[in-house]
Amino acid sequence: MTTTTTQQPTVVSLRDPRAQDPALTGAKAAALARAAGHGLPVLDGFVLTTAWTEQGRLPEIEWRRLSTGGRRPLVVRSSSMAEDGAEQSMAGLFTSILDVRDWTGFTDAVGRVRASGTAVAAHSPTATGAAMAVLVQPFLAAAWGGVLFTADPMSGRRDRMVLTAVRGGPSEVVDGSAAGWTASLTRRGRIRTVLTADGPELPARVRRKVIRLASRATAVFGGPLDIEWAVDEAGHAVLLQARPITALRRPGSGPIFGPGPLAETFPEPLRPLEQDLWLSPLAEGLRVALELTGAAPARRLRSSPVATAAGGIAVADLELLGVIPPRNALLRWLDPRPGARRLGAAARVGRLAAALPELARHTCARVDSDLAEVPPLRHLGTSGLLDVLHHTATALTAVHGYEALAGMLLRDDRPAPTAAAIALAALAEARAAGLADDRIAEEYPVVLALTPPRIGPPAALPGAVLESTAPEGEFAELAVAREALRLRARWIQELAARAALEIGERLTSAGLLPEPEAVALLRLAELRRAATHRALPADFTDRTAPEPLAVPTEFRFADGVPVAVARAARSADHGVGACGGSGRGVVHIGHRPPPGSVLVVRHLDPRLAAEVPRLAGLIAETGSPLSHLAILAREHGVPVVVGYPDATRRLPDGAEVELDGRTGAVRIVPESMEVR
C-alpha cells in the first residue's frame, strides 16, 4: 500500500479492518466495512481514502483486480465524512456513478465524485472541511432493489417498517425518478398498508430475505436504520448502504400538512397519474430549493415528503414552506419573506439571488424553445408520447425549483405583472375579437394561468371578464422571474396532460380503457406498462376518481389518515394580511359572488381571477400572500386575508364583515348579525 508521510494509507480494501474508521474512509464506506466485518453480505471493493490527493497515483492494480481487467463494470461512490450521520444524511448531494466500464471512465468518475464534495462544501456549511473518500465496488445487475426504513420515519413508530422496491437496482428509488412499490410493514414483514403501487409488488419470499438482512444490520449497528438493498439474479440479498434514520419522530408528532400554497395550483383532487406527473416534480423542486438555500436542516428534509397528496388533495409540509412558524422558532424564513431577508445575509444566497434572474430567463427561453419543437402529439408514436411525459417531469422539477428560489429570495417590494393579470387582459382581447373558447388557448396560451391542470377535456375559461390591461412600470427582477416560471410550469403541465390524454385515446381504441380520461387513474409506471405491453393492473376496474375531500387546513398523518391539529397560538380573529388596505362587504360563500361582496373560500383558486376585480375583499383559510390571486387583488386595490382559521365556518354567509389586508384582522359587523 502507498502511504503518506503520516502513514495513513491512500487505498484500503473494504475488508481491511482499517476501513471501518470513518475518518479514513468516510461514513458510507466505514459502515459497509463494519457490516462486512460482522459477516453481512456486502460487495467486495476498495476505498480511495481521505489521505489520497489529486497528485497521487490512482490504484490501477486494485482497479484491474476488481474489474477483472475492465470486463466487469464498477460503481464509484462518494463516501464523505459529512454524509450518512445520525443528524444529517446529505442524501443525494454527493455524486455516485454507476456502470463504469474502463480505465478512462474510472479516472473520470473518481474526479467527478471528489469534485462533488468540493461543490457541496461551497454551499453547505455542514460539509465545509469534511474530507471525501471514494468507494469503488462491482456494479450489481440486480433483480430487485430498494430502500427499507426499519422504523416508520413519519410516525416514529418502531414497530413498523417502510419498504420501497423496484425491479432492477435501487438507483431510481434513491434519485426519486421512480416511486416504486411502497408498503408499511410489521416487524415480521407482514404488509399493513400499500402506500404506492408504482410497480410490481415485491414477492413475499424476496421480502423475507430483505427483512432478515435488515434484522442482521440492526443488530450490528443498533437503532433504526435507513438501508439500501438489492437482490441479485440468484436471489441473494446484498447490503448496499446503511445509515441511521435522521430525525426519527415520536409517535403523534411529525410534519404539519395542509393545502396551503399548493391549493392555488391544484384546487381539486388529483388522480394518480396527475400526482405522478405534477405533484412529484413540484415536491422535488421545492426540496432542491430548500437544500440550496440551507433554509431547512437536512434531517427535516429527509424526514418529510415536502409535498404529497391526502385523498387526492395536494398538501405540503407547512413548516418547511414557511406557511406556519416552526415549532422551535429557529426557521422563521417564510413566505411572505421576513425570514427570507435573514437568508439574504448569507453570502452564497446573495450570489444565488444575483444570478437567479438570468438563470430564470435562460430556463424560460429553453422551455419555450422545447415546447415549440414538440410536433403535433397525434403524429408521435406511443414511445414518443412516453418520452414527452418523462421530459415534462424533469422540466417541471427545474422550473418549480427556480420558481421557489425566486419567491424565497425576493426582497424587493415592487410588484410584477402576474400571469393571471396578463391572462385576464388576453382573455378580454380574445373575447372582443370573437374567438371561440376552444381557440383562445391556442392563440393566447397565457390564459391557461386561469385554469388548473387536468387530464381531460379543456377546463372552461371564466365567463364575463372586465376590461383589463397588464400593469406597467418598473418591476422587481425576481418577481418577474417567479411569474414567468409559474407560467412555464402551467404550459408544461398542459403538454403532459395532452400527451397523457392522447395515450388514453389510443388505449381506449385498443379496448383497454373505457374512456380516454380513465388514463388518469393509472400510476405513471402502470401507464408505461399499459402502453407498451397492453396490460392493465388487476385492480384497475375497481378504481374511481378520488371524491372531493375537505382535508383539514392543518393536520398530521396518523396511519395515513389526516387528523386535524389545533393551533392555539393563532389569533381567532386574525389571518395573514396579503394586500394593503381595508374593505367592508357582505360575506359570500360559493360560486359567482355578487359585485361588492367579500368572498370567503377555503383556498385560493386560479378560476377566481376574473371575480377578484369586482370584490370588496377576499378571505381564504389557506394560501400565500405571494399567490397569483393575492398579487392580482393588490393590483386592483382589493384587500385579501389568507390563513384565517375556519373562515368558511366562522364567517356566516350574508353577514357583513370588515377586513384589513395589512394586519390580517377580520371583524363581523354586529349590526349585520342582528338583522339576520
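Numbering of residues starts from 1 in each chain and follows the order in which that chain's sequence is written. Confidence filtering applies because this is a predicted model: local features only for residues at pLDDT of at least 70, side-chain atom pairs given and counted only at 80 or more, and all residues used for totals across whole chains, interfaces and linings. As a convention, hydrogens and water are excluded, and side-chain values are obtained from all of the structure's heavy atoms.

Undergrad: I would appreciate a short explanation of the overall build of the protein in the present structure.
TA: Comment: elements are numbered from the N terminus, with helices defined as DSSP H or I runs of at least four residues and strands as E runs of at least two. A tally of regular secondary structure across the protein gives 17 helices and 23 strands. Classification of residues uses two cut-offs on accessible area relative to the type maximum, computed with a 1.4 Å probe and protein chains only: under 20% is buried, over 50% is exposed, and between them is partly exposed. Looking at the 676 residues of the protein, the share that counts as buried comes to 53%. Should any heavy atoms of two residues lie within 4.5 Å, those residues are considered in contact. Partitioning the intrachain contacts of the protein with sequence separation of at least 6 by distance along the chain shows that 66% fall at a separation of at least 24. We get accessible surface area from the Shrake-Rupley algorithm with a probe of 1.4 Å; when it comes to residues, only the shown protein chains can shield them. Accessible surface, the protein: about 28900 Å² in total, of which carbon and sulfur atoms supply 54%.

Undergrad: Looking at this structure, how should I read the sheet that holds strand S19 (residues 598–601)?
TA: Sheet strands line up and pair through hydrogen bonds in the backbone, either parallel or antiparallel. We treat two strands as partners when DSSP finds at least two bridges between them. Taken in spatial order, the seven strands line up as S17-S21-S20-S19-S18-S22-S23 in an open sheet, and their pairing is mixed. Looking at which strands have only one partner, the edges of the open sheet turn out to be strand S17 (576–577) and strand S23 (666–668). Bridge count for strand S20 (residues 617–620) against strand S21 (residues 640–642) is two bridges, and the pairing is parallel. In the strand pairing of S21, Leu618 is matched with Val640.

Undergrad: How do you make sense of the sheet that holds strand S1 (residues 11–13) when you look at a structure like this?
TA: Taken together, five strands build an open sheet; the order of strands is S1-S2-S5-S3-S4 and the sheet is antiparallel. Sheet topology places S1 and strand S4 (97–100) at the edges, where each strand pairs with a single neighbour. Here the average twist between neighbouring strands, direction ignored, is 25 degrees. Axis lines are fitted to C-alpha atoms, over the contacting stretch for helices. Their N-to-C directions set the angle, which ranges from 0 to 180 degrees.

Undergrad: When you look at a positive patch on the surface in this model, what are you seeing that I'm missing?
TA: On the surface, a cluster of positive charge is contributed by Arg167, Arg205, Arg208 and Arg212. Element by element, the count of residues in the positive patch is highest for helix H5 (residues 204–221), at three residues. Checked against the element boundaries, Arg212 lands in helix H5. The exposure class assigned to Arg212 is exposed, which follows from its relative accessible area of 52%. Patches here: salt-bridge-free residues with over 30% relative accessible area, like charges joined within 9 Å, nonpolar side chains (Val, Leu, Ile, Met, Phe, Trp, Tyr) joined within 5 Å. Any carboxyl oxygen of Asp or Glu within 4 Å of a side-chain nitrogen of Lys or Arg constitutes a salt bridge here. For the purpose of counting charges, residues Lys and Arg are taken to be positive, whereas Asp and Glu are taken to be negative. His and the chain ends are not included. By convention, charge coordinates are those of NZ in Lys, CZ in Arg, CG in Asp, or CD in Glu.

Undergrad: Before we go on, may I ask you to explain the confidence of the model for the protein in this structure?
TA: Caution applies to low-pLDDT parts of the model: their predicted coordinates are not meant to be read in detail. What pLDDT expresses is the predictor's confidence in each residue, scored from 0 to 100. Residues with a pLDDT of 70 or more make up 82% of the protein, whose mean pLDDT is 81. In this model residues 1–5 is a low-confidence stretch, pLDDT under 50, and it forms 13 contacts with partners more than four residues away in sequence or in other chains. In this model residues 84–92 is a low-confidence stretch, pLDDT under 50, and it forms 32 contacts with partners more than four residues away in sequence or in other chains.

Undergrad: Looking at this structure, how should I read the pattern of salt bridges?
TA: Think of it this way: side chains of opposite charge can pair up when their charged atoms draw near. In this structure the tally under the stated criterion is 36 salt bridges. A salt bridge links Arg361 to Glu477; the nearest nitrogen and oxygen atoms lie 3.7 Å apart. Here Glu477 lies in helix H13 (residues 477–509) and Arg361 lies in helix H9 (residues 347–373), a separation of 116 residues in the sequence. Connected through salt bridges with shared partners, the residues Arg271, Glu274, Arg454 and Glu517 form a single ionic network.

Undergrad: Help me understand H5, please; the structure alone is not making it clear to me.
TA: Every α-helix carries 3.6 residues per turn, so stepping three or four residues along brings you back to the same face. Every helix has an expected span of 1.5 Å times one less than the residues it contains. If you check H5, its first and last C-alpha atoms are 26 Å apart, about what 18 residues at 1.5 Å a residue would give, namely 26 Å. Of all the positions in H5, only Val206, Arg207, Val210, Ile211, Leu213, Ala214, Ala217, Val220 and Phe221 are classed as buried. Downstream of H5 by one or two residues, Gly222 has phi in the positive range, about 75 degrees.

Undergrad: Help me understand the environment of Glu291, please; the structure alone is not making it clear to me.
TA: Along the chain, the position of Glu291 falls in helix H6 (residues 272–293). For the pair Glu291 and Leu301, spaced 10 residues apart in sequence, the C-alpha separation works out to 8.1 Å.

Undergrad: Please clarify how the packing of aromatic side chains should be interpreted in this entry.
TA: For any pair of aromatic rings, the description consists of the separation of the ring centres together with the inter-plane angle of the planes. In this analysis, rings of Phe, Tyr and Trp, with Trp reduced to its six-membered ring, are considered paired at centre separations within 6.5 Å, and the interplanar angle assigns stacked below 30 degrees, edge-to-face beyond 60, and tilted for intermediate values. Taken as a whole and assessed by the stated rule, the structure comprises four aromatic pairs. Seen in terms of ring centroids, Trp103 and Phe106 are 5.5 Å apart; in terms of plane orientation they differ by 40 degrees. Their pairing is tilted. In this pair, Trp103 and Phe106 are both assigned in helix H3 (residues 103–123), three residues apart and thus about one turn of the helix distant. For Trp103, a relative accessible area of 26% corresponds to the partly exposed category. A relative accessible area of 0% means that Phe106 is categorised as buried.

Undergrad: Can you help me understand H6 in this one?
TA: With 22 residues, H6 should cover 32 Å at 1.5 Å per step; its first-to-last C-alpha distance of 31 Å lies within 8% of that length. With respect to burial, H6 is a largely interior element, 17 of its 22 residues being buried. Where H6 ends, the next residue or the one after it, Gly294, has phi of about 65 degrees, a positive value.

Undergrad: I'm lost on the packing of H6 against helix H10 (residues 382–409) in this one. Help?
TA: In a packed pair of helices, the relevant descriptors are the angle between the two axes and the axis-to-axis distance. Running from N to C, H6 and H10 cross one another at 40 degrees; their axes reach a closest spacing of 7 Å. Considered as vectors, H6 and H10 are oriented oblique to each other. Between H6 and H10 lies a crossing of right-handed hand. Taking contact as the criterion, the partners of Leu277, Trp278, Pro281, Leu282, Glu284, Gly285, Leu286, Ala289, Leu290, Leu292 and Thr293 in H6 are, on H10, Leu389, Ala393, Leu396, Thr397, His400, Gly401, Ala404, Leu405, Met408 and Leu409. Broken down by class, the residue content of the contact of H6 with H10 amounts to 15 nonpolar, five polar and one charged. Should an angle lie under 35 degrees it is considered roughly parallel, over 145 roughly antiparallel, and from 65 to 115 roughly perpendicular; all remaining angles are considered oblique. By definition, turning the near helix anticlockwise from the far helix through less than a right angle yields a left-handed crossing, and turning it clockwise yields a right-handed one. In this classification, the charged set is Asp, Glu, Lys and Arg, the nonpolar set is Ala, Val, Leu, Ile, Met, Phe, Trp, Tyr, Cys and Pro, and all remaining amino acids, among them Gly, are polar.

Undergrad: How should I be thinking about the packing of H10 against H13 in this particular structure?
TA: Interhelical geometry of H10 versus H13 gives an angle of 160 degrees and a closest axis separation of 8 Å. By the criterion of interaxial angle, the relationship of H10 to H13 is roughly antiparallel. Handedness of the H10/H13 crossing: left-handed. For the contact of H10 with H13, the per-class residue count stands at 19 nonpolar, five polar and five charged.

Undergrad: Quick question: what am I supposed to make of the side chain of Arg207 here?
TA: Mapped onto the elements, Arg207 comes out in helix H5. With relative accessibility at 10%, the residue Arg207 sits in the buried group. A distance of 3.3 Å separates a polar side-chain atom of Arg207 from the backbone oxygen of Gly189. Beyond its immediate chain neighbours, meaning those up to four positions away, Arg207 contacts Leu163, Trp181, Leu185, Gly189, Ile191, Glu201 and Leu202. Here a polar contact means two N or O atoms within 3.5 Å. Within protein one must be a hydrogen donor candidate and the other an acceptor candidate, and residues neighboring in sequence count only if both atoms are side-chain atoms.

Undergrad: What is the right way to look at the environment of Gly258 in this model?
TA: Inspection of the secondary structure puts Gly258 in strand S12 (residues 257–258). As for Gly258 and Glu319, which are separated by 61 residues in sequence, their C-alpha atoms are 10.0 Å apart.

Undergrad: When you look at the side chain of Ser67 in this model, what are you seeing that I'm missing?
TA: One can find Ser67 in helix H2 (residues 60–67). Residues contacting Ser67, with those up to four places away along its chain left out, are Arg72 and Leu74.

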